[in-house]
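Here's the letter readout for the chains.
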Amino acid sequence: VYGSTLNQPDTYWMSRPGAFNNFDTSIPTVDNDSISGTPWSQQVNGIQAMINMPGGLVVLTGLGAWQVSGGSQSAAITPANQTATPQAYNGCHQNLQPIAINYDILYIQQKGSIVRDLAYNFFVNIYTGTDMTLISNHLFANRRLVSWGWAEEPFKIVWCIRDDGVMLSFTFLKEQEIY
């Protein structure tokens, strides 16, 4: 899957299954043709990141998150069967890629100073975001993050670097509710 070219920042392209560089289509369309789509048409925000999750492909744009799927939990994505469902309306930073941790997605909001946890919520059947910097927002006042990385072992820590060179650490062990 590729997305966000200079001329088409809101479009994604999916190759044929098992053929990473084959973007051929046929007439009439068959299920194993390549796929392209631009399902979010409110404004041009650009695809910032795409993460494969169990329910489908989570696409983070400059304005929000969308889940691209085949329509139902078990349906494959085909050229005739692709659905984009809005998930959250908090944009993703264009230079700092999200971090997938188990079934959660940590990402930095568009302006670079808020870290959000995008997790699937079974009650509302969408991915919802939680502001993980709310308790420690004093560390981000008038600052933005410029780099970050995940160190799973030994202590499950997200290391972040602010624009003034200060390094911050964030322990993330969701199953134990440790943040």
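Further up the page is the structure itself.
Computed from a predicted model, the values in this text were never measured in an experiment. In this numbering scheme, every chain counts its residues from 1 along its sequence in written order. Totals for whole chains, interfaces and linings use every residue, but because this is a predicted model, local features are given only for residues with pLDDT of at least 70 and side-chain atom pairs only at 80 or more, for both listing and counting. Values reported for side chains reflect all heavy atoms of the structure, with hydrogen atoms and water molecules removed beforehand.

Student: Describe the nonpolar core, and please don't skip the residues or the numbers.
Tutor: Among the nonpolar cores identified, the biggest contains 15 residues, and Leu-106, Val-115, Leu-145, Trp-148 and Val-158 are the most heavily contacted of them. By definition, any uninterrupted DSSP run of H or I lasting at least four residues is a helix, any uninterrupted run of E lasting at least two residues is a strand, and each is numbered from the N terminus. Elements with a minimum of two residues in this core: β8 (99-101), β9 (104-108), β12 (145-151), β13 (157-162) and β14 (167-171). We call two residues in contact when some of their heavy atoms are within 4.5 Å. Beyond its immediate stretch of four places on either side in the chain, Leu-106 contacts Pro-98, Ile-99, Ile-101, Val-115, Arg-116, Asp-117, Met-132, Trp-148, Val-158, Phe-170 and Phe-172. To define a nonpolar core, start from buried Ala, Val, Leu, Ile, Met, Phe, Trp, Tyr and Cys residues and group those joined through side-chain atoms within 4.5 Å. A simple rule labels every residue: compare its accessible area, found with a 1.4 Å probe on the protein chains alone, to the largest value its type can have, and call it buried under 20%, exposed over 50%, or partly exposed in between. By size, the runner-up hydrophobic cluster in this structure holds 12 residues, among which are Val-58, Leu-60, Ala-65 and Ile-105.

Student: Explain the pairing of strand β4 (residues 47-53) residue by residue, including any values.
Tutor: A large share of β4 lies buried, amounting to 5 of its 7 residues. In textbook terms, the turn of a hairpin is the stretch between consecutive antiparallel strands, and for β4 and strand β5 (residues 56-61) this stretch comprises 2 residues. Following DSSP output, two strands are said to pair if at least two bridges run between them.

Student: Report on the packing of aromatic side chains, specifying residues and quantitative values.
Tutor: A pair of Phe, Tyr and Trp rings is counted when the ring centres sit within 6.5 Å of each other, with Trp represented by its six-membered ring. The angle between the planes then sorts it: under 30 degrees is stacked, over 60 is edge-to-face, the rest tilted. As enumerated under the stated definition, the model contains 5 aromatic pairs in all. Note on Tyr-120 and Tyr-127: the rings are 5.3 Å apart at their centroids and 70° apart in plane angle, and the pair reads as edge-to-face. Centre to centre, the rings of Phe-170 and Phe-172 are 5.9 Å apart; their planes meet at 45°, and the pair counts as tilted. You'll find Phe-170 and Phe-172 in the same group, each marked buried. Through a chain of ring-to-ring contacts, three or more aromatic side chains come together here, namely Tyr-120, Phe-122 and Tyr-127.

Student: Please provide a residue-by-residue account of the pattern of salt bridges, values included.
Tutor: Here, a salt bridge means any side-chain nitrogen of Lys or Arg that lies within 4 Å of a carboxyl oxygen of Asp or Glu. Within this structure, the stated rule accounts for 7 salt bridges. For Asp-33, the salt bridge goes to Arg-16, with nearest N and O atoms at 2.8 Å. Taken together, the residues Asp-33 in the loop between β2 (12-14) and β3 (35-37) and Arg-16 in the loop between β2 and β3 connect sequence positions 17 residues apart. Between Lys-156 and Glu-153 there is a salt bridge whose closest N-O contact spans 3.3 Å. Looking at Glu-153, the relative accessible area reads 56%, which means it is exposed. What emerges from the salt-bridge pattern is a single network uniting Arg-143, Arg-162, Asp-163 and Asp-164.

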